[in-house]
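These are the residues of each chain, in order.
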Amino acid sequence: MRSTSPIDKPSAPEAHSANQGQLFIISAPSGAGKTTLCRAVRKHFPEMLYSVSYTTRKPRRDEQDGIDYFFISRMEFSRRINLDLWAEWAEVYGNFYGTSAEVIDQALQAGKAILLDIDVQGTIQLLKRYPQAITIFIAPPSLKALRTRLTARATDDAQAIERRLRAAQKEMGQKKMYRHSVVNDDLDDTVEALKRIIAGYQSGQAAPK
Ligand code: ADP
Ligand code: 5GP
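Along each chain, numbering runs from 1 in the same order as the chain's sequence is written. Chains and ligands are labelled sequentially in the order written, the chains with letters from A and the ligands with numbers from 1. Only residues with pLDDT of at least 70 are given local features in this predicted model, and only at 80 or more are side-chain atom pairs given and counted; all residues enter the totals for whole chains, interfaces and linings. Water and hydrogen atoms play no part in the side-chain values, which are based on all heavy atoms of the structure.

A.B. asks: If you had to explain the site of ligand 2 to someone new, which residues and values would you point to?
C.D. replies: A molecule or strand has a residue near it when one of that residue's heavy atoms lies within 4 Å. In the neighbourhood of ligand 2, 17 residues make up the surrounding shell, with Ser53, Arg57, Tyr69, Glu88 and Tyr97 lying closest. In the analysis that follows, any N or O atom pair within 3.5 Å is treated as a polar contact, provided that within protein one partner can donate a hydrogen and the other can accept it, and provided that, for residues neighboring in sequence, both atoms belong to side chains. Within the side chain of Asp117, a nitrogen or oxygen atom sits 2.9 Å from an oxygen atom of ligand 2. At a separation of 3.4 Å, an oxygen atom of ligand 2 approaches a polar side-chain atom of Arg164. Residue-level accessible areas treat just the shown protein chains as cover; the underlying method is Shrake-Rupley with a 1.4 Å probe. Relative to its unbound accessible area of 510 Å², ligand 2 is 97% covered by the protein chains. Elements supplying a minimum of two residues to the shell around ligand 2: strand E5 (86-92) and strand E6 (95-100). Throughout this entry, Asp, Glu, Lys and Arg are counted as charged residues, while Ala, Val, Leu, Ile, Met, Phe, Trp, Tyr, Cys and Pro are counted as nonpolar. The remaining residues, Gly among them, count as polar. Taken together, the residues that form the shell around ligand 2 break down as six nonpolar, four polar and seven charged. Each helix corresponds to a stretch of at least 4 residues labelled H or I by DSSP, and each strand to a stretch of at least 2 residues labelled E; elements are numbered beginning at the N terminus.

See below:
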């Protein structure tokens, strides 16, 4: 099993109140392009909030604390589990990742849109708590392309890349639970597809599937 998480966490009743903003969840196998795509989408929708996740993993060379992630210790992560501060959390590839419940609840109660980049297990947890969430799965064009991207990114060693590729095969099997699914082949086309999906919800019209 690649990771573990408390997927049976009960939902918070206050999270379902009527005055809701929009919660957009993007998931993808590692290396499929989520980070690149989320950056582009955020530039296009500057008013949309972004939930900066917390993680116990070490920062990559171009990552900044508080912007890409909040980098915290395992002890601090556990303390926040005990205080029930996470909307969801999961262990992914040996590191812990979590989403602040306060950040999501405040955004939704203020009627704002907020974007999350989290894994499949986190999405399952969040859908229990926020069933109205708009879920988008980003698929790589092929496992071969995914391997090329992970290798070119040069942030993981060969063993870690193999582990991520094995996990990707499993994650691809879960894309059916997402409301939308987009193949990230040409980057510009994918950014346009994501913009169309999000803009469709923001204008109150049905978004294309
Ligand atoms: P993730 O956040 O899903 O792990 P990244 O956004 O870090 O993925 O992308 C992994 C690598 O693939 C990066 O080097 C990125 O520049 C590259 N990449 C992303 N999308 C594309 C694409 N459509 N075509 C080619 N390379 C891409
Ligand atoms: P990375 O370490 O490559 O940035 O992310 C590894 C995986 O963790 C990705 O699938 C990413 O979507 C996921 N992830 C990032 N933040 C969170 C989070 O807050 N919660 C969960 N469940 N997964 C997350």
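From this point, the discussion proceeds with the structure in view.
A.B. asks: Please provide a residue-by-residue account of the site of ligand 1, values included.
C.D. replies: For ligand 1, the set of nearby residues contains 13 residues, the closest of which are Gly31, Thr35, Thr36, Arg153 and Asp185. Interatomic distance of 2.9 Å between a backbone N/O atom of Lys34 and an oxygen atom of ligand 1. Contacts to ligand 1 include Thr35, whose side-chain N or O atom sits 2.3 Å from an oxygen atom. Isolated, ligand 1 exposes 570 Å² of accessible area, and the fraction of that covered by the protein chains is 75%. Taken together, the elements giving at least two residues each to the shell around ligand 1 come down to helix H1 (34-44) and helix H5 (143-153). For the shell around ligand 1, the leading source of residues is H1, giving three residues. Considering only residue class, the shell around ligand 1 consists of three nonpolar, six polar and four charged.

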